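# Understanding the architecture of this molecule
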Amino acid sequence: MKVAIIGGGPAGLYAAILLKKQRPQAEITVYERNRADDTFGFGVVFSDATLDNFEKYDPPSYRRITQEFAYWDDIAVHFRGTVHRVGGNGFCGCSRRMLLLILQERARELGVTLLFETDVDDEECFADADLIVLADGINSRFRDKYIEHFRPEVDLRSNKFAWMGSTRPLDAFTFIFQETEWGPFIAHAYQYEVGRSTWIFETDAETFARASLEGLSEAQSADRMAEIFGWFLGEHKLLTNRSMWRNFPMIRSERWVKDNMVLLGDAKATAHFSIGSGTKLAMEDAIALAEAMAHAPTVDAALQTYERGRREEVEKTQHAADVSLVWFEHVDRFWDFDPVQFAFGVMTRAKAITYDNLTLRAPDFVGEVDKAFAKTVRARGFDVDIEKPVAPMFQPFKLREMAVANRAVVSPMCMYSAKEGVPGDFHLVHYGSRAIGGAGLIFTEMTCVGRDARITPGCTGLWNDAQQAAWTRIVDFVHANSAAKICLQLGHAGRKGATKLMWEGMDRPLEQGGWDTLSASPIPYFPDSQVPREMDRAAMDRVKAEFVASALRGDACGFDLLELHCAHGYLLASFISPLTNTRTDEYGGTFENRLRYPLEIFEAMRAAWPAHKPMSVRISATDWAEGGVTGDDAVAIARAFGEAGVDLVDVSTGQTVRDAQPIYGRMFQTPFSEQVRNEARVATMCVGNITTADQVNTILAAGRADLVALGRPHLVDPSFTMRAAAWYGASDIACPPQYLPGKEQIFRNSVRDRQDFDDLKIKGKPKTRAELKAEATKPLAAE
C-alpha cells in the first residue's frame, strides 16, 4: 500500500505513525511545506482523557510526550480583583514544536518518509497512491480546490484574538478578565514547559477598534498587551511568533472524503481555542482513520466508515466550542455579576462541567457560589440562610406579589385531552399530582381563548362557564394541597389550528370537523394545510376581546400568574416573525409594526389582570430559519414587553415554520434565555431538553435564567422536585400531611444514597496526572 500525507502537523504525523504500525510494509510519505523545526504558535493542551487515548494507540510516543509535559489541575479565574481556583481538571501542556519533533522522530523510527520544504498543490503527483490524507491545516489548499465537493462552511467569528507567549510561569490554566478604558480584554494562559507559557489575548471588535489595535505590528501589539496585563506579567516579557490579530474561523465541511482523499484535522473542521481541543481533534482524527483502515475491507469502505463514525464526536466537540466561544464573545453580559458567580459561569460555559461535577471537585468553590446566590435572594426581601444556604434550585423567587418556594417549574405541555375545551379528571390528576410533587410553579397547557382558537379538538379553553368551573376546581386543589403557584397560559392557534391530536399527526390538518383559521397573513403551515384568513381590524378586535375575557375568567378561577403565548408559530407569533407576516399595513413590515398587535393584546390583558398579580410572555427567541427571528430580535421583543409591564419572559424557540433547522442538545435553548435575561434585563424562564436537577442548579447559579421549566421529566416523575429536594437536603419543601411519611423516608435515605454516590464517583475517577506527579515527587516522611 502507498499512502501520501499532505501536511506534517500533529494530524498528519500521527496518522503516519498509526498507519505504519498497522502496515509495516506500506510506503508512507509525509509532505510538509515548512522546515522540520518550524512551528507557529507556542503550546498545545491535552486533557488526561486524551492522553489515555494516546497511551492506548502508541505507547512510545505517549511516553515521550508525557516526559515533556507541564501538568496542572487548577483553573484560575481572575476577575475584578478576585481569584477563584477550581481543581481536579487534569490538563497538561506541551510545546507545539516539541510535540512535532517527538512525532517526527517516532515516524522515522517506524520507517515513514518525511519530506520537508515540499509544497504540494496537485494530487496528480500521487496518482499511484492508494490513500491520500489531506492534513494541510486550516487554510487547506485541497479543501478549497474541491470546494464544491467538500462544501466547507466558514463562520468567521466576531472577536479578535492574537496568540503570544511569555516567560511567566503558571501553575494553573489561567483566565484573566481585564477592564480597560476601551472595554474588556481576556487572556487565556497556560504553561507548556519550564519558563514558557502560552498567552491568547481576545477582545470584541468594538473594543479592538477603540484600542486602536488595527495595523499594529507584532511588537506593538505585544507592548499594548503587556501594558494591559503587566500587573500579572510582572517583569516577564511577551513573546511573538506570527502573533497578528485575526478572527477565528469556525469551519465545518459537509463532506470529508473525495475518492481516495480524506480530510483530517483543521482541514475539515475547527474548534475554538477556548476549549483547547484543536490538536486533540486532529490526533483523534488520525486514530479514527487508523481504526477504520484496520477493520474495513477496502480503502473506500474505510474512508466511509471513518466519516460516518467520526462525525458525531467532532460535531459534539464543535458544539461545545461554539457555546464556549459565544460566552467569550458576549462576556459584557456578565460583567456586573458577583465575581464568584462570574467564575462559575466561566467554568460551566460549555455545559461539560456542571454544578454537581464542581461540587465533587471543588466543594468550597460551590459553597461560595451558593452563598453568593443566597445573598441575592436575601437582598430581594427573603429571609434565607446565607451561611448554610440551600442549592439555587430551592431558593425562593418573587414576581410582584407572587412568591414561589423554589425555581422548578412544570413546563406548559399540551395534553390534548379536553372535551369541548373543558379540562376533566385527567387534568385534575395531572396538575394536582405535580403540584403535590413539590414544583414551585405549575403552568397550564396552552389554553385557548375561543373555540376557533384551538390547536386541536382536544385542547383546553377558557371561554365559557363550564370551562371556568373546571379550571377553578383544579386551581383550588393545587392551592389547598400544595405550596405551588399555578399559571394560566392563554393562546390562539392561528394558522396551526384545526389540526389532529398529537399522537394522530402533529400539526396535520383535520380531515373532518375542522374550523376556519386566522393568521397575520394567508400562509398555510403545510402545503396541504388550510389557508388561514388574513386578519382584518374587526377580527383583531374580536380576538383581543376574547383574550381579555379569558384573562378575567382566569382571575376568577384564582390563577396566580397569567402568560400570553406569543411563540411557536401560533397566532401572535405569526405577527412577530417576518417569515409568517407579509402584511403591508401598520401591522407588517418593520419590527415595530410586527410587534404592534401582540403588544396590543398584552396591554389590554395587563389592564384587565389585577395589578398585584404578575404576567409573563412566551416567545420564540429564534425561528431557526434564515430571515426569521434571531436572538438579538428576542432581546428587543423582551424589552418591548418589559416596557408594557411583563414580569417574566418564557424563552422558547422555533416551531414557526415547518422547514426550520433547530440545533438540539442538552439545554439547547438556555443560551437564548441567558441573552434575553442579561441584555434585556428582564427575568427569564428557560426550557428545552433540561432533564436533571443538576442542570437546573447549573443554569440558575450561572445567571442564565431565574426559573427553569422541565417538561418530559415531569411527565414520568410528578415528584421530580421532591426527589431533588431530598438529594440536596432542602428539607423545607412543602408536602401534604398524607404524604409526610414518604417525604421523611426519602430524605433519610437520600443522605446515605448521596454519600454512597459521591464516594463511588470519587473512587471511580482516576487520579489526574498532575496528582500522580505530585505524589511521586512528594518527599517520604521520616521513619
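Attention shifts here to the overall build of the protein chain. Across its full length, the protein chain holds 27 helices and 30 strands. In terms of overall size, the protein chain behaves like a compact globule, its C-alpha atoms giving a radius of gyration of 29 Å where 783 residues would be expected to give roughly 28 Å. Evaluated residue by residue, the protein chain yields a buried proportion of 60% over its 783 residues. In the protein chain, the share of contacts with a sequence separation of at least 24, taken over all contacts with a separation of at least 6, comes to 71%.

Quick look at a nonpolar patch on the surface now. A surface patch of nonpolar side chains, amounting to about 330 Å² of accessible area, comprises Met502, Trp503 and Met506. Looking at the element boundaries, methionine 506 is found in the loop between helix H17 (502–505) and strand E24 (518–519).

We now examine the environment of glutamate 153. Mapped onto the fold, glutamate 153 is located in strand E10 (residues 152–166). Considered as a pair, glutamate 153 and alanine 269 are 116 residues apart in the sequence and their alpha carbons are 9.3 Å apart. Excluding anything up to four places from it in sequence, glutamate 153 contacts Met250, Ile251 and Arg252.

Let's shift gears to unusual backbone geometry. Phi is positive for arginine 242, which is not a glycine, with a value near 55 degrees. Looking at the secondary structure, you find arginine 242 in the loop between strand E14 (238–239) and strand E15 (246–253). A relative accessible area of 56% means that arginine 242 is categorised as exposed. Positive phi is not limited to glycine here, since methionine 667 has a value of about 55 degrees. Relative to the helices and strands, methionine 667 is located in the loop between strand E28 (648–652) and helix H22 (670–680). Residue class for methionine 667 comes out buried when judged on its relative accessible area of 5%.

The 3 strands are arranged E3-E7-E4 in an open sheet whose pairing can be described as antiparallel. Of all the strands in the sheet, the pair left with one neighbour each is strand E3 (43–47) and strand E4 (70–72). Sheet twist, expressed as the average angle between the axes of neighbouring strands with direction ignored, equals 25 degrees. With 5 bridges joining them, E3 and strand E7 (residues 91–95) adopt antiparallel strand pairing. Counterpart to valine 45 in the pairing with E7 is glycine 93. The strands touched by helix H2 (residues 48–57) within the sheet are E3, E4 and E7, with E3 carrying the most contacts at an inclination of about 90 degrees.

Let us now look at the packing of helix H1 (residues 10–22) against helix H4 (residues 96–110). The description of two helices packed together rests on the angle between their axes and the distance between the axes. Where H1 contacts H4, the axes come no closer than 9 Å and their chain directions differ by 25 degrees. The angle between H1 and H4 falls in the class roughly parallel. Of the two elements, H1 crosses H4, and the hand of that crossing is left-handed. Where H1 approaches H4, its residues Pro10, Leu13, Tyr14, Ile17, Lys20 and Lys21 are matched on the opposing element by Arg96, Leu99, Leu100, Leu103, Gln104, Arg106, Ala107 and Leu110. The class makeup of the residues in the contact of H1 with H4 is 9 nonpolar, 1 polar and 4 charged.

Before going further, it helps to examine the pattern of salt bridges. Summed over all chains, the structure comprises 48 salt bridges. Residues arginine 681 and aspartate 336 are paired through a salt bridge, measuring 3.2 Å at the closest nitrogen-oxygen approach. You can see arginine 681 sitting in the loop between H22 and strand E29 (684–686) and its partner aspartate 336 sitting in the loop between helix H11 (299–329) and helix H12 (339–348), a full 345 residues away along the chain.

We now examine the sheet that holds strand E1 (residues 2–6). Across the sheet, which stays open at both edges, the 6 strands sit in the order E8-E2-E1-E9-E17-E16 with mixed pairing between neighbours. A single partner strand is all that each edge strand has here, and the edge strands are strand E8 (113–115) and strand E16 (257–258). Pairing analysis gives 2 bridges linking E16 to strand E17 (residues 261–263), with the strands arranged antiparallel. Considered in E17, the bridge of valine 257 is made with valine 262. Sheet strands touched by H1: E1, strand E2 (27–31), E8 and strand E9 (131–134). Its angle to E2, the strand with the most contacts, is close to 175 degrees.

Counting 76 residues, the largest nonpolar core has Met535, Phe547, Tyr597, Met605, Phe641 and Val649 as the members making the most contacts within it. Beyond its immediate chain neighbours, meaning those up to four positions away, methionine 535 contacts Leu518, Ser519, Ala520, Met540, Val543, Leu571, Phe575, Arg583 and Tyr597. Ranked by size, the runner-up nonpolar core spans 64 residues in total, among them Ile353, Val384, Val696 and Ile699.

Let us now look at helix H3 (residues 59–68). For the α-helix, the turn length of 3.6 residues means that residues three or four positions removed from each other point alike. For H3, the complete set of buried residues consists of Ser61, Tyr62, Ile65 and Thr66. Summarising the axial view, the buried residues of H3 lie within an arc of 130 degrees, below the 170-degree limit, and thus occupy one face.

Counted under the stated rule, the structure contains 42 aromatic pairs. Centroid distance tryptophan 72 to phenylalanine 173: 6.2 Å. Interplanar angle 50 degrees. Geometry classified as tilted. Placement of tryptophan 72 in strand E4 and of phenylalanine 173 in strand E11 (residues 173–179) is noted, with a sequence separation of 101 residues between them. With respect to burial, tryptophan 72 and phenylalanine 173 carry one shared label: buried. Here the aromatic cluster, defined as three or more aromatic residues joined through ring pairs, consists of Trp72, Phe79, Phe173, Phe175, Phe177, Tyr190, Trp327, Phe328, Phe334, Trp335, Phe337 and Phe342. A cation over an aromatic ring shows up here: lysine 160 above the ring of phenylalanine 208, its NZ or CZ 5.3 Å from the ring centre.

Next up on the list: the environment of serine 217. For serine 217, the location among the structural elements is in the loop between helix H7 (205–210) and helix H8 (218–228). Look at serine 217 and you get partly exposed, because its relative accessible area is 32%.

This brings us to helix H18 (residues 537–557). Its 21 residues give H18 an end-to-end C-alpha distance of 30 Å, which sits within 8% of 30 Å, the value for a rise of 1.5 Å per residue. Along H18, the residues classified as buried are Ala539, Met540, Val543, Glu546, Phe547, Ser550, Ala551, Gly554 and Cys557. Looking straight down H18, one finds that the buried residues subtend no more than 135 degrees of arc, so they occupy a single side. Where H18 terminates, the next one or two residues include glycine 558, which has phi positive at roughly 100 degrees.

Let's shift gears to the packing of helix H21 (residues 631–643) against H22. Here H21 crosses H22 at 50 degrees, and the two axes come no closer than 9 Å. Between H21 and H22, the angle is such that the two are oblique. At the point where H21 passes H22, the crossing takes the right-handed sense. For the pair H21 and H22, contact is made by Gly631, Asp632, Ala634, Val635, Ala638 and Arg639 and by Phe672, Gln675, Val676, Glu679 and Ala680, respectively. Residue composition of the contact of H21 with H22, by class: 6 nonpolar, 2 polar and 3 charged.

As a further point, take the state of the cysteines. Under the defined criterion, the tally for this structure stands at 0 disulfides. The cysteine cysteine 487 is free of any disulfide, with cysteine 557 supplying the nearest cysteine sulfur at 13 Å.

A few words now on the environment of leucine 101. Its location among the elements puts leucine 101 in helix H4. Leucine 101 sits 549 residues away from aspartate 650 along the chain, and the two C-alpha atoms are 54 Å apart.

This paragraph deals with the side chain of aspartate 370. Along the chain, the position of aspartate 370 falls in helix H14 (residues 363–379). Despite its burial, aspartate 370 pairs with no opposite charge; the closest candidate is arginine 754, at 8.8 Å N-O. The contact partners of aspartate 370, leaving out residues within four places of it in the chain, are Tyr355, Pro389, Ala391 and Pro392.

Rules used throughout
Residues numbered from 1 in each chain as written. Predicted model: local features only at pLDDT ≥ 70, side-chain atom pairs only at ≥ 80, totals over all residues. Heavy atoms only, no water. Helix = DSSP H or I, 4+ residues; strand = E, 2+ residues; numbered from the N terminus. Rg over C-alpha atoms; globule rule 2.2 N^0.38 Å. Buried < 20%, exposed > 50% of the residue type's maximum accessible area, 1.4 Å probe, protein only. Contact = heavy atoms within 4.5 Å. Patch = residues over 30% accessible without salt bridge, like charges linked within 9 Å, V, L, I, M, F, W, Y side chains within 5 Å. Areas by Shrake-Rupley, 256 points an atom, 1.4 Å probe, with all protein chains shown as cover. Salt bridge = Lys/Arg side-chain N within 4 Å of Asp/Glu carboxyl O. Pairing = 2+ DSSP bridges. Axes fitted to C-alpha atoms, helices over the stretch in contact; angles between N-to-C directions. Parallel < 35°, antiparallel > 145°, perpendicular 65-115°, else oblique. Left-handed = near helix turned anticlockwise from the far one by under 90°. Nonpolar A, V, L, I, M, F, W, Y, C, P; charged D, E, K, R; others polar. Core = buried A, V, L, I, M, F, W, Y, C linked by side-chain atoms within 4.5 Å. Arc of directions from axis to C-beta. Phe/Tyr/Trp six-rings, centres within 6.5 Å; stacked < 30°, edge-to-face > 60°. Lys NZ or Arg CZ within 6 Å of the ring centre and 35° of its normal. Expected span 1.5 Å × (residues − 1). Disulfide = S-S within 2.5 Å. Lys, Arg positive; Asp, Glu negative; His and termini not counted.

Spatial relationships are all this shows, so hold off on functional conclusions.
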